[in-house]
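Fold and geometry: a report
Spelled out from the first residue to the last, the chains are:
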Amino acid sequence: MIQGKTGKWEIIIGLEVHAQVTTESKLFSGAATSFGSDPNTQVSLVDAALPGMLPVLNKKAVEQAVLTGLAINAKINRHSVFDRKNYFYPDLPQGYQISQFSDPIVGEGEIEILMEKEERRIIRITRIHLEQDAGKSVHDQSPVSSYVDLNRSGIPLMEIVSEPDMRSAAEAAAYVAKLRSILQYLGTCDGNMERGNLRCDANVSVRRPGDPLGTRCEIKNVNSLRFLQQAIDYEARRHVEVIESGGQIVQETRLFDSESGVTRSMRSKEEAHDYRYFPDPDLMPLDLDEELIESLRARLPELPDKKLQRFVQSLGLAADVAGELVADKEKADYFEPAAEGRDAKLVANMVRKDVFGYANGKGLTISEVPVKPDQYGALIDLVAGGTINAAIASKVFNEMAETGKDAGTIVAERGLKQVSDEGELETILDTIIASSGQQVNQFKSGNEKIIGWFVGQVMQKTKGQANPKIVNELLIKKLTSD
Amino acid sequence: MAALTELTIAEARDGLSRKEFSAKELTEAHIKKMESTRILNAYVLETPERALEDAIASDLRRGNNEIGSLEGIPVGIKDLFCTEGFRTTACSHILDEFVPPYESYVTARMRAAGSVMLGKTNLDEFAMGSSNETSYFGAVRNPWAPSGTDQILVPGGSSGGSASAVAAGLCLGATGTDTGGSIRQPASFCGIVGMKPTYGRCSRWGIIAFASSLDQAGPMTRTVRDSAIMLGAMAGFDPHDSTSSKHVVPDFEDSLGKGIKGLKIGIPAEYRSGGIDPEISGLWEKGSKWLKDQGAQIIDITLPQTKYALPTYYIIAPAEASSNLARYDGMRYGLRVNGSDLTETYMKTRAEGFGPEVRRRIMIGTYVLSAGYYDAYYLKAQKVRRLISEDFETAFKSVDAILTPTSPTPAFELGSKSDDLIAMYLNDVFTVPASLAGLPAISVPCGLSSNGLPLGLQIITPAFDEITLFRVGEALENAAGWSPRPVGAQV
Amino acid sequence: MSVDKSTVTRIAQLARIDVPEHEADELAEELNNILGWVEQLNEVDTEGVVPMSSGMPGAELRQRQDQITEQDNRDLILINAPESRDGFILVPKVIE
Ligand SMILES: [Mg+2]
Ligand SMILES: [Zn+2]
């Protein structure tokens, strides 16, 4: 809801997500799909639309789309059709995009998102269809020319279309994040928004609660969750202002400018579109047999929701902790082997502090962290076995990451072994107590908290290596004796 | 022995194997003929050096007993087939001086079978026409002229250059493509054999597309046997064309000489109506009698939707063409005419690059696909197309082949129909139905009109039954008892 | 349905083919001529008929394995380009 001058307005959001299907080769040609190569070096004669070139469908792309459909409990269409969407643009070599219009490969499905206070929302999926990506035009190289790179031309995309079921920018972001994590679990899209492998078109409109839908505007190609929310909030507020000041919203395509944080009309797209869709005569209809669909269903991996359930129910993790671990597949992939046969709660807490913290600080993805889960497991065992305490463990982890040495070696070399020997600790305690009459009196006069100060002193003298449990016991014993 | 340029492919094949002449000599004779007969404008690009290279290489292979099915045979290639390193234009200004860095699958197969490329033959721009008058490189002349006149006739189209070249001895055979009759109608006009295989028989890869669901490559030759030999080299599965068929390619030539005893031949009533020249219906009667005399059974059949085939074709073909030709935009290859901005560059390039007929068909195709008209025109046409195809399925329950005229008229005078579109379109009235149904069909020269012009009859068989097509074709050829040579002012 | 001058202009824009003012009327007439002729299809009862959109009805769509079969074709792509630089194809400036 937004509060306008004249009252409350409800924001209505529907999303069209273009997800690059993870494949080696393009949707209709044998050119590579990998990122970041020199311009026009991954372009087949088909992708450049040379005369007489013909498309041949990539089986993997079809399977990836079906897999994605199955993961969101969607209807898989046994019969689908590739159509031509006709329009002229310099980075569209054929003069048409091969897409699916009236008969997409995947029909209605749904995705559940989790908002604050455990609120669950179902976002309905209208359809998923397969289509080709276009090339890239660079406009800033010259005042008179645009530079065209066709490396992206023909790359397989899934267009995932939602119903207008989202009511806030936060819900839209949660939906995209959830969708992205599902795609990553499936391995059907890497979800990399910076590289444009996952792009959002947002359809935004506003209405009085209970009224019919208002006129919508489409914000094209938003490539980060932050921008998505900014764009939606800006656009919704713009609608309210226009309507409240007696104006009218014109249905149009708009672009989000991340510098200024505003959306602006795309003049070039203003010319009324008439895409003249028709079935591509170079390709017959695509018919899928039940066996293929079932064999793909059998290949479905454990998805985020199931994993979260398991983490909470069988591993006893708190819902929010489990939520953080499953949201990013790489985090779950690190945590699980590390937690194998260990105290899951201890592992979860340590991993989040040490590993995720380290990755964050260094700007690495979790899989790029040099310390692998099994090496990290050895460190956890040292903590669990009382050899070192958690605070020391963090130091050891950082050193493991920098030097590549294993936990045991570092603990031994640096003598970080925890001091649990009572005799040794008692001597240390006695000297401290002897020289801290004031604090002792405070304790005797009922200030229990002062215990913490004593523990601190012991940790200083033992470089943090004292076993806190034993230190506490001894302190109580000594301070309360006589 | 007849002049080398008068031989059939089969005769040349025997002469070469008997060492009566070399591929080099055979090729040189054709290069000479090609150069001395430029008045026909049959070739838009002559490639004599490449031809001699091919021929010498062929003679060497023969020395090593590596002998392909077209070993040393000089052929013309319709300029709709992309030829690696040789300008390919579809006879349109918009492709300008385009030189493909790749070879079409069909011509690659022919070359692997030993054929020798003499050059690229003329056609209607983007194969859109029935007279070869829409070519950017100018009209092609039919080597035939009405007896006692020096009237200049069209060769038919769109494969007019190939038809004229084969008829006049400028090659032993040539490739054509047929979308609505573009092989069969010019073959009939020029007195040669023109064959359109089943859709999917020959790969479309590397052939410049006109209407993808209709386009098929096929052989243009002087005899049915030559047609069978050449198709054998052209046909075959190509993984790069999703519409290429995996059907086994039989030995077509092997099907010849077996007669037609017991075959059931259908005569469709509907083909009698509609502007058909009495001489041609007369020849049609004669043709069915010939087949009857050779032991075939003649059966009257009906193809009820026939009259709707042509209007159906003139919706579907332009619709597909309007999209297929969108890639000619002046951005990546071919002609670019710069305007003040991108849109103007597009519009100028395509206005200057395409000729009037191509522009007209792109406009029609764009219109019938545009919002509000799709159902009324395009979808309607696709449904009628289905009915037309079902007409044939029904007919083939009772017959093995169908006999019809190829064209309602003999070759006509250059320029005489260019300003009456519908009249021009009607040339394909008998050839279009088989195209829409994707069926194989062949035109065989069966006689001369009263003023001495060649006339062809068409045979249509079920999908992938080219064997029967050739058998019946051979029967007509034998009965006609001649292999026509052009008589007229042109050669 | 008859095509007028403004329709010709709209279609010409969609097809990106410049039609000079003085040619529009003649072209409209030609198109009407052709469209009028094809409209005889309305005589055919196509109730419940499945449209035929492929040259080989019933044939199944072949799918290829996901393999990289193309190497760097840049030179082949650029060789026929009207204008190119630094490996890019140059086109008239696109204004967004
Ligand atoms: Mg034709
Ligand atoms: Zn899309």
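Residues numbered from 1 in each chain as written. Chains lettered and ligands numbered in written order. Predicted model: local features only at pLDDT ≥ 70, side-chain atom pairs only at ≥ 80, totals over all residues. Heavy atoms only, no water.

**A short note on the sheet that holds strand β6 (residues 96-99) of chain A**
So the rule is basically this: Strand pairing is assigned whenever DSSP identifies at least 2 bridges connecting the two strands. Secondary structure elements follow DSSP: runs of H or I of four or more residues count as helices, runs of E of two or more count as strands, with numbering from the N terminus. By the convention used here, residues are in contact when the closest approach between their heavy atoms is within 4.5 Å. Simply put, an axis is a line fit to the C-alpha atoms, just over the touching stretch for a helix, and the angle between two N-to-C directions goes from 0 to 180 degrees.
Ordered by their spatial adjacency, three strands build an open sheet running β6-β5-β16 (chain A), and the pairing between neighbours is antiparallel. With partners counted over all chains shown, the strands left at the sheet margins are β6 and β16 (278-279) of chain A, one partner each. Relative to β16(A), strand β5 (residues 83-86) of chain A runs antiparallel, the two being bridged by two bridges. Bridged to A:Arg84 within β16(A) is A:Phe278. The strands that helix α9 (residues 306-324) of chain B touches are β5, β6 and β16 of chain A; relative to β5(A), the one it contacts most, it runs at about 60°.

**Remarks on the confidence of the model for chain C**
Residue and element names in this part refer to chain C. Worth spelling out the cut-off: The quantity called pLDDT is the predictor's confidence in a given residue, expressed from 0 to 100.
Summary statistics for chain C give a mean pLDDT of 93 and a share of 98% for residues scoring 70 or more. The spread of mean pLDDT over the elements of chain C runs between helix α2 (residues 21-38), the lowest at 93, and strand β1 (residues 63-64), the highest at 98. Of the two predicted TM-score estimates for the complex, the pTM is 0.92 and the ipTM is 0.96.

**Here we look at the layout of surface pockets**
Residue and element names in this part refer to chain A. So the rule is basically this: Buried and open spaces are told apart on a 1 Å grid over the protein atoms alone, a cavity being a set of points where a 1.4 Å probe fits but cannot get out and a pocket being an open set with protein on both sides within 12 Å along at least five of seven lines. Residues with an atom within 4 Å of a point are the lining residues. Grid points are joined across faces, edges and corners, and a volume is the space filled by probe spheres set on the points. Classification used: nonpolar for Ala, Val, Leu, Ile, Met, Phe, Trp, Tyr, Cys and Pro, charged for Asp, Glu, Lys and Arg, polar for all others including Gly.
In this model, the second largest pocket occupies a volume close to 1,300 Å³. Contributing to the lining of the second largest pocket are 40 residues, with Ala177, Ser181, Val326, Ala327 and Asp328 lying nearest its centre. Elements that contribute at least two residues to the lining of the second largest pocket include exactly β7 (109-114), α2 (169-186), α5 (304-313), α6 (319-327), α7 (329-339) and α8 (344-362). Sort the elements by how many residues they give to the lining of the second largest pocket and α2 lands first, with six residues. Partitioning the lining of the second largest pocket into residue classes produces 16 nonpolar, nine polar and 15 charged.

**Section: the sheet that holds strand β9 (residues 136-138) of chain A**
The four strands lie next to each other as β9(A)-β10(A)-β3(C)-β2(C), forming an open sheet whose pairing is antiparallel. Unpaired on one side and paired on the other, β9 of chain A together with β2 (84-85) of chain C mark the two borders of the sheet. Two elements, strand β10 (residues 145-149) of chain A and strand β3 (residues 88-92) of chain C, share four bridges in a ladder whose sense is antiparallel. Paired with A:Val148 across the bridge in β3(C) is C:Ile89.

**Overview of the environment of A:Gly7**
Checked against the element boundaries, A:Gly7 lands in strand β2 (residues 7-20). Residues contacting A:Gly7, with those up to four places away along its chain left out, are A:Ile2, A:Arg208 and A:Glu244.

**Regarding the interface of chain C and chain B**
Definition in use: Summed over both partners, the accessible area lost on bringing two parts together, with a 1.4 Å probe, is the buried area. A pair is scored as a salt bridge if a Lys or Arg side-chain nitrogen falls within 4 Å of a carboxyl oxygen belonging to Asp or Glu.
Each partner contributes to the interface: chain C provides 54 residues, whereas chain B provides 68 residues. For the pair chain C and chain B, the summed buried surface comes to about 5,300 Å²; carbon and sulfur atoms form 69% of the total. Area buried by chain C at its contact with chain B is led by C:Trp37, C:Met52 and C:Arg62, which between them contribute 15% of it. At the surface where chain C touches chain B, the tally comes to three salt bridges. B:Arg360 is paired through a salt bridge with C:Glu30; the nearest N and O atoms lie 3.1 Å apart.

**Topic: α5(A)**
Residues and elements named next belong to chain A. Put simply, the rule is: Buried means the residue's accessible area, taken with a 1.4 Å probe over protein chains only, is under 20% of the maximum for its type, while exposed means over 50%, and partly exposed covers the values in between. Picture the helix axis, draw a direction to every C-beta atom, and the arc is the one those directions span.
Listing the buried residues of α5 in full gives Pro304, Lys307 and Phe311. Buried residues of α5, viewed axially, fall in a sector of 65°; they line one side. Of the exposed residues in α5, the ones pointing more than 90 degrees away from its buried face are Lys306 and Gln313.

**Things to note about the packing of aromatic side chains**
Residues and elements named next belong to chain A. For the record, the criterion: Two rings from Phe, Tyr or Trp (for Trp, the six-membered ring) form a pair when their centres sit within 6.5 Å of each other. Planes less than 30 degrees apart are called stacked, planes more than 60 degrees apart edge-to-face, and all others tilted.
Within the structure shown, the criterion is met by 31 aromatic pairs over all chains. Seen from their ring centres, Phe227 and Phe256 are 5.9 Å apart, and the 50° between their planes marks the pair as tilted. Of this pair, Phe227 sits in helix α3 (residues 225-244) while Phe256 sits in strand β14 (residues 253-257), and the two are 29 residues apart along the sequence. In this structure Phe256 comes out as buried when scored by relative accessible area, which is 14%.

**Notes on the coordination of the zinc ion (ligand 2)**
All names here are of chain A. The line we're drawing: Donor atoms are limited to N, O and S found within 2.8 Å of the metal ion, a distance that becomes 3.2 Å for Na, K and Ca. With water left out, some sites might look partial.
Surrounding the zinc ion (ligand 2) are the protein donor atoms His18 (NE2), Glu131 (OE) and Glu159 (OE), which sit 2.0 to 2.1 Å from the metal. In the primary sequence, the donor residues of the zinc ion (ligand 2) line up as H-x112-E-x27-E. Placement of His18 in strand β2 and of Glu159 in strand β11 (residues 156-162) is noted, with a sequence separation of 141 residues between them. Looking at His18, the relative accessible area reads 11%, which means it is buried.

**Thoughts on the pairing of strand β4 (residues 173-178) of chain B**
Residues and elements named next belong to chain B. Of all six residues in β4, six are buried, a share of seventy percent or more. Burial of the side chains of β4 extends over both faces: Gly173, Thr175 and Thr177 are buried on one face and Ala174, Gly176 and Asp178 on the other. Across two bridges, strand β2 (residues 74-78) lies against β4 in parallel orientation. Looking at the pairing, Val75 lines up with Gly173 of β4. In the sheet, β4 pairs with strand β6 (residues 216-221) via five bridges, with the strands oriented antiparallel. Its bridge partner lying in β6, Thr177 is registered against Ala217.

**Brief notes about the side chain of C:Gln40**
Here is the rule we go by: Distance and chemistry together define a polar contact, namely a pair of N or O atoms within 3.5 Å, with one atom able to donate a hydrogen and the other to accept it when in protein, and with adjacent residues in sequence counting only for side-chain atoms on both sides.
Inspection of the secondary structure puts C:Gln40 in the loop between α2 and β1. For C:Gln40, a relative accessible area of 18% puts it in the buried group. At 3.0 Å, the side chain of C:Gln40 forms a polar contact with the backbone oxygen of C:Trp37. Setting aside anything within four residues of it in sequence, one finds C:Gln40 in contact with B:Lys307, B:Tyr308 and B:Pro311.

**Describing the interface of chain C and chain A**
By a widely used convention, the size of an interface equals the accessible area lost when the partners come together. Counting residues at the interface gives 38 residues for chain C and 53 residues for chain A. Roughly 4,000 Å² of surface becomes buried between chain C and chain A when both sides are summed, with 58% attributable to carbon and sulfur atoms. On inspection of chain C and its partner chain A, the count reaches one salt bridge. With its nearest N and O atoms 3.9 Å apart, the salt bridge here joins A:Asp274 to C:Arg10.

**What to know about α2(C)**
Here is the rule we go by: The span you would expect from a helix comes to 1.5 Å times its residue count less one.
A rise of 1.5 Å per residue sets the reference length of α2(C), with its 18 residues, at 26 Å; its end C-alpha atoms lie 26 Å apart and thus fit the reference within 8%. Looking at α2(C), one finds that the buried residues are C:Ala24, C:Leu27, C:Ala28, C:Glu30, C:Leu31, C:Ile34, C:Leu35, C:Trp37 and C:Val38.

**Details of the packing of helix α1 (residues 9-17) of chain B against helix α7 (residues 224-234) of chain B**
In a packed pair of helices, the relevant descriptors are the angle between the two axes and the axis-to-axis distance. Residue and element names in this part refer to chain B. Counted only if it meets this: Each angle is binned into one of four classes, with values under 35 degrees roughly parallel, values over 145 roughly antiparallel, values of 65 to 115 roughly perpendicular, and all other values oblique.
Contact geometry for α1 and α7: axes closest at 8 Å, N-to-C directions at 70°. By the criterion of interaxial angle, the relationship of α1 to α7 is roughly perpendicular. Where α1 abuts α7, its residues Ile9, Ala10 and Arg13 lie against Arg225, Asp226, Ile229 and Met230. Considering only residue class, the contact of α1 with α7 consists of four nonpolar, no polar and three charged.

**A closer look at the pattern of salt bridges**
One side chain can pair with another of opposite charge once the charged atoms of both are near each other. Taken as a whole and judged by the stated rule, the model has 60 salt bridges over all chains. A:Asp381 is paired through a salt bridge with A:Arg342; the nearest N and O atoms lie 2.7 Å apart. Of this pair, A:Asp381 sits in helix α9 (residues 373-384) while A:Arg342 sits in the loop between α7 and α8, and the two are 39 residues apart along the sequence. When the shortest N-O distance is used, the salt bridge between B:Arg111 and B:Asp54 registers 2.7 Å. On the criterion of sequence distance, the pair formed by B:Arg111 in helix α4 (residues 105-112) and B:Asp54 in helix α3 (residues 48-63) is long-range, its members being 57 residues apart. Three or more residues are tied together by salt bridges with common partners; here these are A:Arg84, A:Asp280, A:Asp282, B:Arg204 and B:Asp241.

**Some details on the pairing of β7(A)**
All names here are of chain A. Residues Gly109, Ile111 and Ile113 point to one face of β7 and are all buried, whereas Glu110, Glu112 and Leu114, pointing to the other face, are not buried. Of the pairings in the sheet, the one linking β7 to strand β8 (residues 120-132) comprises six bridges and is antiparallel in character. Residue pairing across strands places Leu114 opposite Arg120, the latter belonging to β8. Taken together, β7 and the strand that follows it, β8, pair antiparallel across an intervening segment of five residues, in which Lys117 is found at a positive phi of about 55°.

**Regarding a negative patch on the surface**
Going by this rule: Patch definition: residues with relative accessible area over 30% and no salt bridge; like charges joined within 9 Å; nonpolar side chains (Val, Leu, Ile, Met, Phe, Trp, Tyr) joined within 5 Å. In this description, accessible areas are obtained by the Shrake-Rupley approach with a 1.4 Å probe, and a residue is regarded as covered only by the protein chains that are shown. Only four residue types enter the tally: Lys and Arg on the positive side, Asp and Glu on the negative side; His and the chain ends are excluded. Here the site of a charge means atom NZ of a Lys, CZ of an Arg, CG of an Asp or CD of a Glu.
Together, A:Asp287, A:Asp289, A:Glu291 and C:Glu60 make up a negatively charged patch on the protein surface. If you trace the backbone, C:Glu60 turns up in the loop between α2 and β1.

**Some words on the state of the cysteines**
All names here are of chain B. As a reminder, the rule being used: Put simply, a disulfide is two cysteine sulfurs that come within 2.5 Å.
Enumeration according to the criterion identifies zero disulfides over all chains in this entry. For Cys171, which is in no disulfide, the shortest distance to another cysteine sulfur is to Cys190 and amounts to 11 Å. For Cys171, a relative accessible area of 0% translates into the label buried.

**Remarks on unusual backbone geometry**
Residues and elements named next belong to chain B. Here the bond from Gly157 into Ser158 is cis, since omega is 10°, no more than 30 degrees from zero. Tracing the chain through its elements places Ser158 in the loop between β3 (116-121) and α5 (160-167). Unusually for a residue other than glycine, Cys91 sits at a positive phi of about 55°. Checked against the element boundaries, Cys91 lands in the loop between β2 and α4.

**Thoughts on the nonpolar core**
The criterion, for reference: What is meant by a nonpolar core is a set of buried Ala, Val, Leu, Ile, Met, Phe, Trp, Tyr and Cys residues, joined one to another through side-chain atoms within 4.5 Å.
B:Phe126 and B:Phe392 are the most contacted members of the largest nonpolar core, which totals 198 residues. With residues near it in sequence (within four places) discarded, B:Phe392 still touches B:Tyr271, B:Leu303, B:Ile402, B:Pro433, B:Ala434, B:Ala437, B:Leu439 and B:Ile460. In terms of nonpolar packing, the next biggest core, distinct from the first, is built from 112 residues, A:Ile128, A:Met166, A:Phe227 and A:Val396 among them.

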